[in-house]
Amino acid sequence: MSTNNCYHCGLDCGKNPVKFNDKCFCCNGCKTVYEILNANELGCYYDFENNPGTIPSEIKGKYAYLENEEIVSKLLEFDDGEIAVVEFYIPSIHCSSCIWVLENLSKLNPGILTSLVNFPQKTARITYKTKSTNLKEVVELITSIGYEPYISLDDADSKKNKVSKTLIYQLVIAAFVFGNVMMLSFPEYFQVDGFWINKYKIVFRWLMFFMSIPVVVYSAKDYFISAYKGLSHKILNIDVPVALGVSVLFIRSSIEVFLNIGAGFFDSLTGLIFFLLLGKFFQQKTYNFLSFERDYKSYFPIAVTKIFNGKEEAVPVKDICEGDRLLIRNQELIPVDGILINGTAYIDYSFVTGESVPVVKKSGDKLFAGGKQTAGAIEVDVINTIEQSYLTQLWSNDIFNKNEEKNIKNITDSISKYFTAVILSIALIAGIYWYFINPSLAFNIVTAVLIIACPCALALSAPFAFGNMLRIFGYRKFYLKNSETIENMAKIDTVIFDKTGTITSNDISKISYEGIPLTSFELQLIKTVIRASNHPLSRSLYDFIEEPCLTDDLEFFNEILGRGIEAKFKEYNLKLGSANFMGIEQININETVIYININEVLKGKFKFSNNYREDTQRVFEELSKKYKLIILSGDNEGEKEFLSQMLPKETIFKFNQKPENKLNFIKSIQEDGSHVLMLGDGLNDAGALAQSNVGIAISENINVFSPACDGILDANLFNKIPKFLTLASKTVSIIKVSFVLSFLYNVVGMYFALTGQLTPVVAAILMPASSISIVIFVTLLTNWTAKNN
């Protein structure tokens, strides 16, 4: 570790580090955390990892809203008046030191009883005594040591979504009964004589009957419900033949037991349901901890500071009324539309409009919900409540309110309607034939056909193939909402990209200089001037200039927000800023630049351009061979010429697109028959992502930010998009091959059924064999395909 790196967080301490106990810190915040930990005998925190901490956030007044009992009650999971339990999502959890210090919070605050960290989900579950401490103190404590929790309006506006245990219960019951019925069926398989026949055979058969009832009634109920809904809409989905097969198996088996003419097929019945539920469980298990249905509430603050009669108080966002005066602090999100009253606003609207450069607003200007204030505190008068604000209206579009029902046109259902018709026809023909040949066998032949042709293998192919590919994608940091997303990806013919934050990196700007060459001293002078500025462009330029700052202080410094900086250093007068500030005309209004004037001489300009993600050009070239490509951006046309040269000439560009424009554009090309994949990153893309056939959110942090979408892709894997689309297509091909294999099994089984040779032993062998082999086949083949791609 460099001696000039912060002992707590690892960042460069610069020329004037904060020193304490022979250790360097980049700021007083990091030093304070170090002091807190050492004073409470938690210095071991630094033994697990080098520089494990993060810079703590400013706390003063930030969590005043946690004194509001109404808000607190909605955040707590449990509160009996003495003990309270709360769970927070903490994005900065990243190593073993984090776990250690968060699970030792009781040493920092005796009122905290326990704190358990879930590392994969980055959550901490804290139990504390309400008479010794309160929620505000708990949150301020963990924030003070660098672990600020993520608390949003969504946390208070809805109850926590609990994972449904119904499928698990159904699967457990089916597994238990299947195992026991198989065991009870063994004497029947081997035709054991003597003592078995005389005493226990009838008992075992009735036991199998009674044990199978909960499997049919409870474990298989969803298949009957789905089949009924399909038939009521005149649709033959895959659950129709499954429900028919289960019904025939149970009815025929029950008749054999009641009449004491056989053992029935209870083993095949329970095994069928068990394997079907296992496939469904495997498919739903994958990455259910991610949220794919976020709206504006996921990003809005839970409360805001209201100014009333000169006093400041924290109120829930939902209680804000038109005419209220709000205090918005630095780095806080504006929750409602309003008019700026006091202060100069420097608003980052990147999540709303896609525009990458913050905008300046002055007193009297209108501010829209969703923007983030980035320069000091401002006062705003509310003109629209949260339900009426501009950003909220984006979610009033029908695309966000539609009920998402399972797409009945998927590959399995498309084949099942023909499968069902063919099987019913074969059963009818076989019944008629055997009625004239041997009437006593007609019923057995018809039921045997329906039993052996039950589409177990057919129904398992897609869940296991898609489920395994979901797992593989997730392992590669591409998280999909459900299996239908993979199938829809295989149908895509048009790929649409947002620009800012999607094909460009959020963290890095590409900077170039044009003009009279600057000397090393002049660069030092410029760096010294912009060091005091909080403007995003100033910070980027400060990091870009490699020369160190001058040691002497500036004699004069004045920053005019939205225009530029005036400064004086000895005999040098400097002006840095926009063309308007320099009194000149900017040739390209879409350029983002800082002009440099030293002693009334215009030296040149630093030009800021987006830094495009790795292999962007290659990704577009690969995709252009198969897909129609479109750039759909809310940003200006400043880089259209550059993009036109870098990307394939067939690429279509549409800039200055508002959120509703994006949504309507996608809707219009869908009406022309296009199947659209949309890739975006911000709230301004939410409507377009929801409208598209497949919406993928590109995210720098998969847990913190993603609008409503079908999938979340780690931004570092942007260059893998063509391979993911290829894998989706190949997965569908694997399923089609497995359908052929399933068909061959049915042909073999049909022979035994049509000739009257289907016995419980034959059914017990053929049905599990087909199910297991299909599962193994699709699992191995999807693994092999992924490995080779």
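Above this text you will find the structure in question.
This report concerns the structure included in the present document.

Cut-off values and rules
- Residues numbered from 1 in each chain as written.
- Predicted model: local features only at pLDDT ≥ 70, side-chain atom pairs only at ≥ 80, totals over all residues.
- Heavy atoms only, no water.
- Helix = DSSP H or I, 4+ residues; strand = E, 2+ residues; numbered from the N terminus.
- Buried < 20%, exposed > 50% of the residue type's maximum accessible area, 1.4 Å probe, protein only.
- Contact = heavy atoms within 4.5 Å.
- Pairing = 2+ DSSP bridges.
- Phe/Tyr/Trp six-rings, centres within 6.5 Å; stacked < 30°, edge-to-face > 60°.
- Lys NZ or Arg CZ within 6 Å of the ring centre and 35° of its normal.
- Axes fitted to C-alpha atoms, helices over the stretch in contact; angles between N-to-C directions.
- Parallel < 35°, antiparallel > 145°, perpendicular 65-115°, else oblique.
- Nonpolar A, V, L, I, M, F, W, Y, C, P; charged D, E, K, R; others polar.
- Polar contact = N/O pair within 3.5 Å; in protein donor to acceptor, adjacent residues only side chain to side chain.
- Patch = residues over 30% accessible without salt bridge, like charges linked within 9 Å, V, L, I, M, F, W, Y side chains within 5 Å.
- Areas by Shrake-Rupley, 256 points an atom, 1.4 Å probe, with all protein chains shown as cover.
- Salt bridge = Lys/Arg side-chain N within 4 Å of Asp/Glu carboxyl O.
- Lys, Arg positive; Asp, Glu negative; His and termini not counted.
- Charge placed at Lys NZ, Arg CZ, Asp CG, Glu CD.
- Core = buried A, V, L, I, M, F, W, Y, C linked by side-chain atoms within 4.5 Å.
- Left-handed = near helix turned anticlockwise from the far one by under 90°.
- Expected span 1.5 Å × (residues − 1).
- Arc of directions from axis to C-beta.

**Quick word on the overall build of the protein**
- On a plain count of helices and strands, the protein comes out with 27 helices and 28 strands.
- Buried residues in the protein amount to 50% of all 789 residues.
- Counting only contacts in the protein whose residues sit at least 6 apart along the sequence, the fraction spanning at least 24 positions is 67%.

**Digging into the sheet that holds strand β9 (residues 325-328)**
- Reading across the sheet, the 6 strands line up as β8-β7-β9-β15-β10-β13 and stay open at both edges, with antiparallel pairing between neighbours. Edge positions in the sheet fall to β8 (311-316) and β13 (366-367), since each of these pairs with one other strand and no more.
- Alignment of strand β10 (residues 338-342) against β13, held across 2 bridges, turns out to be antiparallel. Of the residues in β13, the one forming a bridge with Gly338 is Leu367.

**Here we look at the packing of aromatic side chains**
- Using the criterion set out here, one finds 19 aromatic pairs in the structure.
- The interplanar angle of 85° and the centroid separation of 5.6 Å between the aromatic rings of Trp206 and Phe209 together place this pair among those described as edge-to-face. Remark: Phe209 and Trp206 occur in helix α8 (residues 195-219); sequence separation between them is 3 residues, near one turn of the helix.
- Judged by its relative accessible area of 28%, Trp206 falls in the partly exposed class.
- Linked through ring pairs, Trp206, Phe209, Phe210, Phe250, Phe258 and Phe266 together constitute an aromatic cluster.
- The ring of Phe308 carries Lys306 above its face, with NZ or CZ at 5.6 Å from the centroid.
- In this arrangement the basic side chain of Lys575 is found over the ring face of Phe581, its NZ or CZ atom lying 4.9 Å from the centre.

**What to know about the packing of helix α22 (residues 616-624) against helix α26 (residues 721-754)**
- In the contact formed by α22 and α26, the axes pass within 9 Å of each other and the chain directions differ by 30°. As the angle between them shows, α22 and α26 are arranged roughly parallel. Judged by residue contacts, Val619, Glu622 and Leu623 of α22 engage Ile721, Pro722 and Leu725 from α26.
- Residues belonging to the contact of α22 with α26 are distributed by class as follows: 5 nonpolar, no polar and 1 charged.

**As for the side chain of Thr616**
- You can see Thr616 is positioned in helix α22.
- Note on Thr616: relative accessible area 3%, which makes it buried.
- A polar side-chain atom of Thr616 sits 2.6 Å from the main-chain carbonyl oxygen of Arg613.
- Dropping the residues within four chain positions of it, Thr616 is found in contact with Ile503, Met646, Leu647 and Phe718.

**Thoughts on a positive patch on the surface**
- Residues Arg476, Lys720, Lys723 and Lys730 make up a contiguous surface patch of positive charge.
- Along the chain, Arg476 turns up in the loop between α17 (456-475) and β16 (478-480).
- What makes Arg476 partly exposed here is its relative accessible area of 48%.

**Some details on a negative patch on the surface**
- A cluster of acidic residues, Glu69, Asp79, Asp80 and Glu82, forms a negative patch at the surface.
- Within the secondary structure, Asp79 sits in strand β3 (residues 78-79).
- Look at Asp79 and you get partly exposed, because its relative accessible area is 47%.

**Regarding the sheet that holds strand β4 (residues 83-89)**
- Read across the sheet, 4 strands follow the order β3-β4-β6-β5 without closing on themselves; strand pairing throughout is antiparallel. The sheet is open, and its two edges are formed by β3 and β5 (112-118), each paired on a single side.
- Where β4 meets strand β6 (residues 123-129), 7 bridges bridge the pair, whose relative direction is antiparallel. Among the inter-strand pairings, Phe88 is bridged to a residue of β6, identified as Ala124.
- Each of β4, β5 and β6 touches helix α5 (residues 135-144); the most contacted strand, β4, lies at about 35° to it.

**Quick notes on the nonpolar core**
- The biggest cluster of nonpolar side chains holds 80 residues, and the ones touching the most others in it are Val495, Phe497 and Leu623.
- Within the second largest apolar cluster, 43 residues are counted, among which are Tyr63, Leu102, Ile126 and Ala314.

**A closer look at unusual backbone geometry**
- In the Ramachandran plot, Asn309 falls in the positive-phi region, its phi being about 55° despite a non-glycine side chain.
- Here Asn309 shows up in the loop between β7 (303-308) and β8.
- The exposure class assigned to Asn309 is exposed, which follows from its relative accessible area of 67%.
- Of note in the backbone geometry, Glu600 takes a positive phi value of approximately 65° without being a glycine.
- Within the secondary structure, Glu600 sits in the loop between β22 (592-598) and β23 (601-612).
- Glu600 gets classed as exposed once you look at its relative accessible area, which sits at 67%.

**Focus on the environment of Leu171**
- Counting through the fold element by element, Leu171 comes out in helix α7 (residues 166-189).
- Since its relative accessible area comes to 11%, Leu171 is described here as buried.
- It is 5.8 Å that separates the C-alpha atoms of Leu171 and Leu277, two residues lying 106 residues apart in sequence.
- If sequence neighbours within four positions are ignored, Leu171 has contacts with Phe274, Leu277, Leu278 and Phe281.

**A closer look at the pairing of β9**
- Both β7 and β9 contribute to a ladder of 3 bridges, which runs antiparallel. Each bridged residue has a counterpart across the sheet, and for Ile307 the counterpart in β9 is Arg325.
- For β9 and strand β15 (residues 378-382), the ladder comprises 4 bridges, and the chain directions are antiparallel. Residue pairing for β15: Leu326 is matched across the bridge by Val380.

**Structural notes on a nonpolar patch on the surface**
- There is a patch of nonpolar side chains on the surface, built from Ile251, Ile255, Phe258, Leu259, Ile261 and Phe443 and spanning about 620 Å² of accessible area.
- In terms of residues, the nonpolar patch owes the most to one element, helix α10 (residues 239-258), which gives 3 residues.
- Within the element layout of this structure, Leu259 appears in the loop between α10 and α11 (266-285).

**Considering helix α19 (residues 520-530)**
- For α19, the buried fraction is high: 9 of the 11 residues fall into the buried class.
- Along α19, the positions that sit buried rather than exposed are Glu522, Leu523, Gln524, Leu525, Ile526, Lys527, Thr528, Val529 and Ile530.

**Section: the packing of helix α9 (residues 221-232) against α10**
- Contact pair α9 / α10: the axes reach a minimum separation of 8 Å and the direction vectors enclose 125°. Between α9 and α10, the crossing angle belongs to the class labelled oblique. Crossing geometry of α9 relative to α10 is assigned as left-handed. When α9 is examined against α10, the residues Tyr223, Phe224, Ser226, Ala227 and Leu231 are found in contact with a partner set consisting of Asp239, Val240, Val242, Ala243, Val246 and Ser247.
- A per-class count over the contact of α9 with α10 returns 8 nonpolar, 2 polar and 1 charged.

**Some points on helix α24 (residues 659-671)**
- For α24, spanning 13 residues, the distance from its first C-alpha to its last is 19 Å, which sits close to the expected 18 Å at 1.5 Å a residue.
- Listed as buried for α24 are Pro659, Lys662, Leu663, Phe665, Ile666, Ile669 and Gln670. Seen end-on, α24 carries its buried residues on one side only, within an arc spanning 160°.

**Side note on the pairing of strand β21 (residues 572-577)**
- Across 6 bridges, strand β20 (residues 564-569) lies against β21 in antiparallel orientation. Counted as the bridge partner of Ala567 is Leu574 from β21.
- What sits between β20 and β21 in their antiparallel hairpin is a turn of 2 residues, with Lys570 showing a positive phi close to 55°.
- Pairing analysis gives 4 bridges linking β21 to β22, with the strands arranged antiparallel. Looking at β22, one finds that Leu574 is bridged to Ile598.

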